[in-house]
Structures are given as C-alpha cells and as structure tokens.
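Residue-level structure breakdown
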There are 2 protein chains.
Amino acid sequence: MSERPLLPILGQDVRERSDAARNRKALLEAAQRLVDHCGVESVTMDAVAEAAGVGKGTVFRRFRTRSGLMAALLDQFEADWQASVIGGPPPLGPGAPPRERLLAFGRSRLEQNLRGAALIRAASTAAPARNYAVYSFAATHLRYLLDQLDVAGDIALLSTALMAPLEVVILEQQIEIEGMDVERIAAGWEDLAERIIARRRS
Amino acid sequence: MSERPLLPILGQDVRERSDAARNRKALLEAAQRLVDHCGVESVTMDAVAEAAGVGKGTVFRRFRTRSGLMAALLDQFEADWQASVIGGPPPLGPGAPPRERLLAFGRSRLEQNLRGAALIRAASTAAPARNYAVYSFAATHLRYLLDQLDVAGDIALLSTALMAPLEVVILEQQIEIEGMDVERIAAGWEDLAERIIARRRS
DNA sequence: CATCTAAACGGACCATGGTCCGGTTTCATT
DNA sequence: AATGAAACCGGACCATGGTCCGTTTAGATG
C-alpha cells in the first residue's frame, strides 16, 4: 500500500532516496503509534521524532508542518473508506441506483468525518493543498453521482452545498453546542439531498 | 457579605473593575490598530501587549487566547452588518418580502465573510463558544426567514445547510483552489436557496 | 574504487502562544 | 479614613512549532 497521493500531483516526484523513504515510513509508524496511544492533540513533533529515532529537522523536512504530518496520517485513515466507495458493497459501492448511492454516501461520509474528527482538525490548519486531496475524492464522487442523477444546475456548486454541512466544524457545532444527535443530522442531510436532486435536466 | 445582584446566569460577570475595563479598551484599540497596520497574521500577543502599554499576562487574562482576542475584534467588525440586517434598508433589512430578504442575506453574508476572512480564520481555532455568538446571530435570522417562508422540514438543519457553504474555509477552497469567482458562488447559493424553500408547509 | 554532488540529516536555535505567582489596586463595608 | 479581600497586573518562565546550517550519506559516474 503505497502512500503516495492518489491524485497525480503536477511535476516533481523524481524518486526518493532510500534513507529518506525509510525515515518517512518510520515517522508515519511512530506518529500513528503515538496518536493511537495518546490522542492526536498530545502528540508533539519532538515526540514523533524521538519515537522514530530521528532528528527533529527530519520530521519537518518530510512533512513540512505538523498539519502536514497529520494530513499524511489522514490519507491512510481515508484509504479504506475510499476503497469501499470505489469497490465496496452497495449501496455505498457501485451497483445500487444513484439515488441510493447518494444517500448512503451522505450517511457514510458523516460518520467517517466524525470518526476522523481529531485528525481532520489537526490536519486542517494551513496547508490548504494537502488535505485537499482527501476532500477532492469525495467531492469528485459526489459530482459524479449528481451527474448520474441528471441534476440540473451548477453541479460543482451543488456538490459543495452537500459536502459543506458534513464538515467537522459544522458537525461539532451542531452536536456539541446545539445538542443535536447524529440521527437527526443524517436525516436532515437526506432531506437536503432530496431537495437538491429534485430539479433535473429536462 | 455583599450580595452582587443576581443577573441572568447567562450573562455572568456582573461588573468589571475600572482598571480592567480601561485595559480591555486599550487592548482592543491597540489590537485593531495593529491589525489594520500589519495584517492579522503578523500580530503577536506580545506586540499587542506592548502597544497597549500593558503586561502580556493581562492580554491573556482578558481574552484567554489569541483567538479569543481575534473573536473580540470580529464582534466589533460584525456589529455594523448585524445592524443593517436588523434595521438597515431593504432588501437586507426589514421591509422586503422574505424571499428577497433571504436572497439578499446570502449575498451579503458571502461578501461579509470574505471581507472578514482573515479575522474569522484567526478567531476560529479552538474556543468554540466565543465565535459562536457571531455565527448565532446569522443563524437565528436565517431560521426566522425560513420560518416566515413557511418552509417545510427541520428548519434548524436547513438553515445550517444554507450557512455552511458560506463558511470561509469553503469559500476559499472554491475561489483559490477551484478558481471559481464570487459571482458564480453567489448565483449558486441563490439556486440552493430556491431548492430549499421550494418545499413549504401545506 | 575514488570521486563528486545533490539530497538528507540532526540538533542547536528562534519565535510565539500560554501559564504562574508574588505584588498591587480597586472598591464595598465599617 | 481605615480595612480586608477579591480581582487584577506584570513579566519571568515553559512548551512547542518551525528554521538554519554545518555535516553526513546515497548513489551516479568514470
């Protein structure tokens, strides 16, 4: 399971020196261990460096920033979910009619975002390009579904309109401050989806 | 054994000591000056403290965190906008039919969020309760409009669905990464609003 | 194998957000 | 005015993210 970003990133690449590759793997493993063990927020870069038996500078060379490192972990975390969207069982995976896939997508994405909330938050500060990759997959899939459904209008924007209420910031506000429960939010999303897909191309 | 008048619990903190009030004002002014002059991101807490002629500890005592201070500035920034929603000229202010007010709300909120983007971002890290206030006003007003329009469904959720795509994070992604222009986003929002308000209570 | 270069390494160093605590100030009460 | 206590103040101090640069190493070339 290579951890190269799924989407082709323009240019660069070239090939990583063997020591660099070894260190990157060690760092990711160490970071994952620390996250599992202490929780995302209490994982410091120094700790990761030490746990990987590597200098601090190396961590920053590999991942640029703390959120960059977290984004790398997030990529791994998302891999399973992406796989089940691409090739898993219906209705999330292929095989079900688009409308059912859409509804399954919403619920599943909602849960996935909540599961990865801490990681997502830690990965989101700055570095807009990096965690765009993970967002991008979901957005692309969603656009595909809307297109399949012959939805009329600006599909890129409508897709954003469906993704936005599933963002962690929004979800946590609803759950923690307004005291909504997940079921209500999921049902509300489905209603939203219905309203959006109600207008079709003639 | 003095009895402080028991004000409504929500407000708490009945009265501020005069020196504290003076310092808070000085800090807010200094911070605003620095923000105007150097931009939000390059304003450090030490700088604010010094510019206000006050110890660093005082800044943190008053505003708790950096984002707390930014949230305070944001409150001031939002005051004008809130006033024009409550009592400004139509269609944003009262007097226009709800549907027109709704559409004006979207566009106006979109622009307002973009104008305050840097401040909003700086205020948003952690401290969920603080910047909830500014969010809350817009959300409440939106719910009111949806209610006026006899929109069917879970109005709190639908209101969130309309607010979420206007969040700074989302907007900047669309503008900077996907290269959309503001006009397109605004038009898309209006379309979204139309779809949402299309279903009314019988 | 000797050599050379670009890349990687490490850890000292810096900047900044946030905490702590001894001393000071406000202000209600007497 | 004197008093007492709660609130406030300041700046030294700590933790952590991020930078810098002299040194080491992979691996290509002859």
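Small disclaimer: the values here were computed from a predicted structure and weren't measured.

About the cut-offs
- Starting afresh in each chain, residues are numbered from 1 along the sequence in its written order.
- Here the convention is simple: chains get letters from A, ligands get numbers from 1, in the order in which they are written.
- With pLDDT at 70 or above as the cut-off, local features in this predicted model cover only qualifying residues; side-chain atom pairs require 80 or more to be listed or tallied, and sums for whole chains, interfaces and linings still use all residues.
- Based on all heavy atoms of the structure, the side-chain values leave hydrogens and waters out of the count.
- Whether a residue is near a molecule or strand is decided by its heavy atoms; if any one of them lies within 4 Å of it, the residue is near.
- As used in this structure description, the phrase polar contact means that two N or O atoms lie within 3.5 Å; if the pair is within protein, one of them must be able to donate a hydrogen and the other to accept it, and residues adjacent in sequence are counted only when both atoms belong to side chains.
- Under the scheme applied here, ten amino acids are nonpolar (Ala, Val, Leu, Ile, Met, Phe, Trp, Tyr, Cys and Pro), four are charged (Asp, Glu, Lys and Arg), and all others, including Gly, are polar.
- Where each domain starts and ends comes from a domain assignment, either automatic or drawn from a database.
- Once two parts are joined, some of their accessible surface, as seen by a 1.4 Å probe, is lost; buried area is that loss totalled over both.
- We define a salt bridge as a contact between a side-chain nitrogen of Lys or Arg and a carboxyl oxygen of Asp or Glu at a distance within 4 Å.
- Starting at the N terminus, helices and strands are each numbered in turn, a helix being any DSSP run of H or I of at least four residues and a strand any DSSP run of E of at least two.
- Should any heavy atoms of two residues lie within 4.5 Å, those residues are considered in contact.

1. Observations concerning the protein's contact with DNA strand D
- Around DNA strand D, 20 residues are found, and the nearest of them are A:Lys56, B:Arg17, B:Asn23, B:Gly55 and B:Thr58.
- For DNA strand D, the fraction of atoms within 4 Å of the protein that belong to sugar or phosphate moieties is 63%.
- Contacts to DNA strand D include B:Asn23, whose side-chain N or O atom sits 2.4 Å from a phosphate oxygen.
- Of the residues assigned to the surface near DNA strand D, the class counts are four nonpolar, seven polar and nine charged.

2. Quick notes on the domain arrangement of chain A
Residues and elements named next belong to chain A.
- Assigned domains within chain A: domain 1 (17–63) and domain 2 (66–197).
- On a C-alpha basis, the centroid separation for the pair domain 1 and domain 2 is 28 Å.
- Each partner contributes to the roughly 980 Å² buried at the junction of domain 1 and domain 2, and carbon and sulfur atoms together form 71% of this total.
- In terms of surface lost to domain 2, no three residues of domain 1 exceed Leu28, Val40 and Phe63, which account for 47% of the buried area on that side.
- At the boundary of domain 1 and domain 2, one finds zero salt bridges.
- Connecting domain 1 to domain 2 are one residue pair in polar contact (both at pLDDT 80 or more).
- Where the side of domain 1 that touches domain 2 is concerned, the elements lending two or more residues are α1 (18–38), α2 (45–51) and α3 (56–63).
- Among the residues making up the side of domain 1 that touches domain 2, the classes are represented as nine nonpolar, one polar and one charged.

3. Some thoughts on the interface of chain B and chain A
- Taken together, the contact pairs 33 residues of chain B with 33 residues of chain A.
- Taken over both partners, the interface formed by chain B and chain A buries close to 2,700 Å², and the fraction arising from carbon and sulfur atoms is 62%.
- Area buried by chain B at its contact with chain A is led by B:Leu157, B:Arg195 and B:Arg199, which between them contribute 25% of it.
- Linking chain B with chain A are four salt bridges.
- For A:Arg199, the salt bridge identified is with B:Asp191, shortest N-O distance 3.9 Å.
- Counting every contact that joins chain B to chain A gives eight residue pairs in polar contact (both at pLDDT 80 or more).
- Of all the elements in the fold, those that place two or more residues in the side of chain B that touches chain A are α7 (132–148), α8 (155–163), α9 (168–177) and α10 (182–197) of chain B.

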